Amino acid sequence: MAEIEETQLPGVGVRHEFVTAGGERVAVLTHRSGRREVAVFDRRDPDACRTFLHLSADDTRSLAELLGAGQVSEAVAAVRHQIEGLAIDWITLPADGPLVGATIAEGQLRSRTGATIVALMGSGGTLPAPGPEQRLDGGDVVVAVGTPQGLQQLRVLLGA
Amino acid sequence: MTLAAASGEVAVVFIEVGAVVLVLAVLARVASGIGVTAVPLYLLVGLAVGDGGVVPLDLSADFIGVVAEIGVLLLLFALGLEYTSSELRQGLRTGVAPGAVDAVANFVPGLLIGLLLGWDVTTAVLLGGVSWVSSSGIVAKVLTDLDRLGNRETPPVLNLLVIEDLAMAVFLPVAAALATGRGLGATLVTVGIALVAVAVILVVALRGGEWLSALLAPATDEALLLAVFGLTLLVGGLAQQLEVSAAVGAFLVGLALSGPVQHRASALVGPLRDLFAAMFFLFFSFQVDPADLPGVAVPALALAMLGTGGKLLSGWFVAARAGVARAGRLRAGSALVARGEFSVVIASLGATLVDGPRLGAVTAAFVLVTAVAGPLLARFVGRPAV
């Protein structure tokens, strides 16, 4: 992945930029209000923007959907922001993990670690809020929320 | 003003204020239609209904005066809300050199013109302040409207605005102390108290901000609005008691709020600020006698030329430091040309001075010219070379 450069814009928000493989410089401005703008820099004047796309919070989600990025991480990051001491972790299940093939309930993951699985990202797409009957497959990414210690225990239990 | 003096008077006040506010509403709409800020138009209305204007208002002056004072507080409070304490710290770390260049290039023209006009030093210093500070509101609007927020010269421009606003937290109380017009010794004491008070409030705002924000966070919108409004007036009033200038107190309250409370307060106070600030701009030019304007046209235009040159220099300097090429340096300077709310706030401090009326007239003309010409210049400079 290209290196992403972050610049603070006092009173406005923050700007992230990177150079595409084709050599175009692209910036994403995130306003404090959640509104975003996508800018493509001008090749002749590298300090100015050629294209400027205004996106509302909703538009941003649509565009992200089209570009294929998962929205789970963002939503969970917002939750984590609100509650102090809460951590989130993305854990990839190894193919030979001890709990592969078991359901979430059978693993007794919550009672043993205090951590909750909030989403499963597997070959079939992202499954938010999986039920206790959901089976864990090798290669799935488990998104879990809990205390940092709980998440560490979960990592050990899952064999990751 | 006694509210119950006579219902006839109240009726006249309502009618006068209502009619004027409706005119402001039309102008705000026109302004947004043609893509300029409404501040210069408000100033023109103030000239028309003020002393010596076309349709002077008699009864509502007191009422508008109090509303205008609150307008200043809310303007500065909202400005303080714009910045987070980490942005301020970063600004202070990296912004000293740009801030100094900007101050010299733009304060000196005002000071010199004030002295050349034969004004006393205090009034000339105030005029220096008037020509020094760009309008954060207009600059942010210009950058947004012209889609320049993503440009590489924009972060240094915004950082410069932070520095200017912080410099005002020091300059305003000093200017207010000077304007009390006592002897040298008493003035020095007042300035000393003012600076200590600002330092204390600034430290409390930066350190205690999280505590205050956490305290306010659970409030409903209604309770939060009342709390920040009350707090702004209270701290502003206390600052005024210490002769620190109420505006600075309000600014620091805004700085102290952070996190989600900051965003909510900003959304809640926004409409209130627009209303009260409009009355402030109105009231300022209300006190300017239009008959004074022709007499100050030459110095005001000279100041506008020098002030434009000064901002082009500041913009060139800050953009060059960020490694921006020539075109971007010019864009940075042109974006900064517009003066507005701060210049008017500074000039209003000197309203009671001997040369106060002329300071007000020069400032009104200067703000009118730069607030209109600045955005136009920025648009023109930004045109892509064919």
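Residues numbered from 1 in each chain as written. Chains lettered and ligands numbered in written order. Predicted model: local features only at pLDDT ≥ 70, side-chain atom pairs only at ≥ 80, totals over all residues. Heavy atoms only, no water.

Q: What am I meant to see in the pairing of strand 7 (residues 116-122) of chain A here?
A: The side chains of a regular strand alternate, residue by residue, between the two faces of the sheet. Residue and element names in this part refer to chain A. Bridge count for strand 7 against strand 9 (residues 141-146) is five bridges, and the pairing is antiparallel. Bridge assignment links Ile117 to a residue of strand 9, and that residue is Ala144. Here four bridges tie strand 7 to strand 8 (residues 125-128), and the two strands are oriented antiparallel to one another. If you follow Gly122 over to strand 8, its bridge partner there is Gly125. The hairpin formed by strand 7 and strand 8 contains two residues between the paired strands. (Pairing = 2+ DSSP bridges. Helix = DSSP H or I, 4+ residues; strand = E, 2+ residues; numbered from the N terminus.)

Q: It is not clear to me how helix 3 (residues 61-82) of chain B should be interpreted in this structure. Could you clarify?
A: Side chains of residues three or four places apart in an α-helix project in the same direction, reflecting 3.6 residues per turn. The end-to-end C-alpha distance of helix 3 of chain B, which contains 22 residues, comes to 31 Å, matching closely the 32 Å that a straight helix rising 1.5 Å per residue would cover. The element helix 3 of chain B is extensively covered by neighbouring structure, given that 16 of its 22 residues are classed as buried. (Expected span 1.5 Å × (residues − 1). Buried < 20%, exposed > 50% of the residue type's maximum accessible area, 1.4 Å probe, protein only.)

Q: Would you take a moment to explain the environment of B:Val157 for this structure?
A: Residues and elements named next belong to chain B. Relative to the assigned elements, Val157 resides in helix 8 (residues 154-179). For the pair Val157 and Leu75, spaced 82 residues apart in sequence, the C-alpha to C-alpha distance is 21 Å. Once residues lying within four places of it in the same chain are set aside, the contact partners of Val157 are Val139, Leu143, Ala332 and Leu336. (Contact = heavy atoms within 4.5 Å.)

Q: Would you mind showing me how to read the nonpolar core here?
A: The tendency in soluble globular proteins is for nonpolar side chains to be buried side by side. By size, the foremost hydrophobic cluster in this structure holds 127 residues, and its most contacted members are B:Leu76, B:Leu257 and B:Phe281. Here the element with the most residues in this core is helix 12 (residues 259-286) of chain B; it accounts for 13 residues. In this structure, B:Leu257 is in contact with B:Phe77, B:Leu81, B:Leu212, B:Ser213, B:Leu216, B:Val228, B:Gln262 and B:Ala265, ignoring residues within four places of it in sequence. With 16 residues, the next largest nonpolar core counts A:Ala102, A:Leu109, A:Ala144 and A:Leu158 among its residues. (Core = buried A, V, L, I, M, F, W, Y, C linked by side-chain atoms within 4.5 Å.)

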